[in-house]
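Per-entry structural report
The primary structure of each chain is shown beneath.
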Amino acid sequence: VSTLVVPTIAAIAPANGPTAGGTSITISGTTLTDASSVTIGGVAATGITVLDDTTITATTPAGMAGARIVVVTTPGGTSTDAVLFTYIPNVILDAD
């Protein structure tokens, strides 16, 4: 009998990106095999690829400026670590 284990997230790199989304991220942790979803601030990431039991890559969705919790869901459950991705507002430089 196998016991399903809840995934954990140890780190995300890079830890920030633009509010427009599209940042390629790498999530490091444990028990990440068979991840069915990655969300950032409750919004689904795209292009999710499970490289192995400790690494996932994904692309961030668009989001509001500020820090958002990253969550990974697997058959074992949903991560509860407070690992954050911070959306940085687009800066418009005034050329005047």
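Structure report, in brief. (Residues numbered from 1 in each chain as written. Predicted model: local features only at pLDDT ≥ 70, side-chain atom pairs only at ≥ 80, totals over all residues. Heavy atoms only, no water.)

1. Details of the pairing of strand β6 (residues 46-52)
Sheet topology note: the β6/strand β7 (residues 55-59) ladder contains four bridges and is antiparallel. Paired with V50 across the two strands is I56, which belongs to β7. In this antiparallel pair of consecutive strands, β6 and β7, the connection spans two residues. (Pairing = 2+ DSSP bridges. Helix = DSSP H or I, 4+ residues; strand = E, 2+ residues; numbered from the N terminus.)

2. Quick notes on the environment of A15
Considering the arrangement of structural elements, one finds A15 in the loop between β1 (8-13) and β2 (16-18). Accessibility expressed as a relative area gives 36% for A15, which makes it partly exposed. As for A15 and V83, which are separated by 68 residues in sequence, their C-alpha atoms are 9.0 Å apart. Look past the residues within four positions of A15 in its chain and what remains in contact with it is L84, F85 and T86. (Buried < 20%, exposed > 50% of the residue type's maximum accessible area, 1.4 Å probe, protein only. Contact = heavy atoms within 4.5 Å.)

Without other data, these values stay purely geometric and don't point to any function.
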